[in-house]
Amino acid sequence: MVDSIYLIGFMGAGKTTVGRALATQLHYCFLDLDESIEKVAGKSIPTIFLEDGEQRFRKLESQILMETSKQKAVVATGGGIVLNESNRLFLQSQANVFFLNKQMDAIFRHLQEDRTNIRPLILEKTYEEIWQLHQLRQPLYQSVAGEIIDIVDETPDEISWQIYQKLIEKGENG
Ligand code: S3P
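Residues numbered from 1 in each chain as written. Predicted model: local features only at pLDDT ≥ 70, side-chain atom pairs only at ≥ 80, totals over all residues. Heavy atoms only, no water.

Notes on helix α8 (residues 156-169)
For α8, spanning 14 residues, the distance from its first C-alpha to its last is 20 Å, which sits close to the expected 20 Å at 1.5 Å a residue. All buried positions along α8 are accounted for by I159, S160, I163, Y164 and L167. Buried residues of α8 fall within an arc of 140 degrees about the axis and therefore sit on the same side. Buried positions along α8 lie against β1 (5-8), α1 (15-26), β4 (96-102) and β5 (147-151). Of the residues trailing α8, G171 is marked for its positive phi of about 80 degrees. (Helix = DSSP H or I, 4+ residues; strand = E, 2+ residues; numbered from the N terminus. Expected span 1.5 Å × (residues − 1). Buried < 20%, exposed > 50% of the residue type's maximum accessible area, 1.4 Å probe, protein only. Arc of directions from axis to C-beta. Contact = heavy atoms within 4.5 Å.)

Here it is, written out as structure tokens:
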């Protein structure tokens, strides 16, 4: 059985959009961790943060991450998945972890334009504050990434194609 494929990276890096495209290309299931958390909790992410706190959110996030190894899927993780050490160890044990390393300016533009997705950790944060969070997390993403995909202005389909090529090179084309 081919392992699942994990997409990691900062908020706004395009993990969900790229993940959907890649899953279609590979004929794999697509799993969005944030969506699964919302289903399990029965409420939206901003509501979980507000009513239960970030710690509860992180606990659910870890539990659901561990369950993803049971099926073959393309998994889009949340930007904070690398904060927890057990999550990092789990990801390090996986064969296909792709870090979508999008340039900070492009991330910031995406976050400003994306009005549908409320991200509690960056609500009312300045560019400087988001940049600092990004800097703090970069080494964590790097520490678990099997492959780093540098993104400037490529489309999700182009990124998905790049990942697809890398999987073929590794002999894991499903
Ligand atoms: C978070 C990222 C979000 C979501 C939550 C926390 C983070 O996911 O899991 O708001 O800590 O970076 P996206 O990376 O899909 O925005």
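Anyway, onward from the coordinates.
Remarks on the packing of helix α4 (residues 54-67) against helix α5 (residues 85-92)
Closest axis-to-axis distance for the α4/α5 pair is 10 Å, and the angle between their directions is 20 degrees. What the angle tells us is that α4 and α5 run roughly parallel. Regarding α4 and α5, the two cross each other, and that crossing is left-handed. Facing α4, whose interface residues are S62, L65 and M66, α5 presents S86, N87, F90 and L91. (Axes fitted to C-alpha atoms, helices over the stretch in contact; angles between N-to-C directions. Parallel < 35°, antiparallel > 145°, perpendicular 65-115°, else oblique. Left-handed = near helix turned anticlockwise from the far one by under 90°.)

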